[in-house]
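Listed below are the residues making up each chain.
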Amino acid sequence: MSKFISAIVPNSEAELWLTKQQLIQKNKPTIAGTLLFADEPQASLLLKPKKLY
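Residues numbered from 1 in each chain as written. Predicted model: local features only at pLDDT ≥ 70, side-chain atom pairs only at ≥ 80, totals over all residues. Heavy atoms only, no water.

1. Overview of the overall build of the chain
Defined as follows: Secondary structure counts use DSSP, requiring at least four H or I residues in a row for a helix and at least two E residues in a row for a strand, with both numbered from the N terminus. The rule is simple: take the accessible area with a 1.4 Å probe, protein chains only, and divide by the maximum for that residue type; under 20% is buried, over 50% is exposed, in between is partly exposed.
In terms of helices and strands, the chain carries four helices and two strands. Along the chain, from the amino end to the carboxyl end, the secondary structure elements read α-α-β-β-α-α. Taking all 53 residues of the chain together, the buried fraction comes to 19%.

2. Looking at the side chain of threonine 34
If you trace the backbone, threonine 34 turns up in helix α3 (residues 31-37). Residue class for threonine 34 comes out buried when judged on its relative accessible area of 13%.

3. Here we look at the environment of glutamine 22
Within the secondary structure, glutamine 22 is located in the loop between α2 (14-20) and β1 (24-25). What makes glutamine 22 exposed here is its relative accessible area of 56%. Through-space distance from the C-alpha of glutamine 22 to that of alanine 32 is 7.9 Å; in sequence the pair is 10 residues apart.

4. A short note on the environment of leucine 18
If you trace the backbone, leucine 18 turns up in helix α2. Residue classification places leucine 18 among the buried residues on the basis of a relative accessible area of 7%. For leucine 18 and glycine 33, which are 15 residues apart along the polypeptide, the C-alpha to C-alpha distance reads 8.3 Å.

5. Some remarks on the side chain of threonine 30
Heads up, the rule is: Contacts were defined at the residue level, with two residues in contact if any of their heavy atoms lie within 4.5 Å.
By the secondary structure assignment, threonine 30 is in the loop between β2 (28-29) and α3. Setting aside its immediate chain neighbours within four residues, threonine 30 contacts Gln22, Leu23, Ile24 and Gln25.

6. Considering unusual backbone geometry
Phi is positive for lysine 26, close to 55 degrees, though the residue is something other than glycine. Within the secondary structure, lysine 26 sits in the loop between β1 and β2. Using a relative accessible area of 82% as the deciding quantity, one classes lysine 26 as exposed. The phi dihedral of asparagine 27 falls on the positive side, at around 60 degrees, and the residue is not glycine. Tracing the backbone shows asparagine 27 in the loop between β1 and β2.

Printed below as a string of C-alpha cells:
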C-alpha cells in the first residue's frame, strides 16, 4: 500500500490520505479499504457480514 500511495500522492501522509479517501475510520479499514488492499478480501468480509446502505 505504501508504494501505491507514494506513486499516487507523494506529498501526503499515508494515514491522512486513507482517511480522506474514507478507506479507514478510527484506525480500522472500511469495507472499501478491505476490498482495495486486502490480499484476500473475501476471507475478511465473509466472516463478518455487513449491512450496506
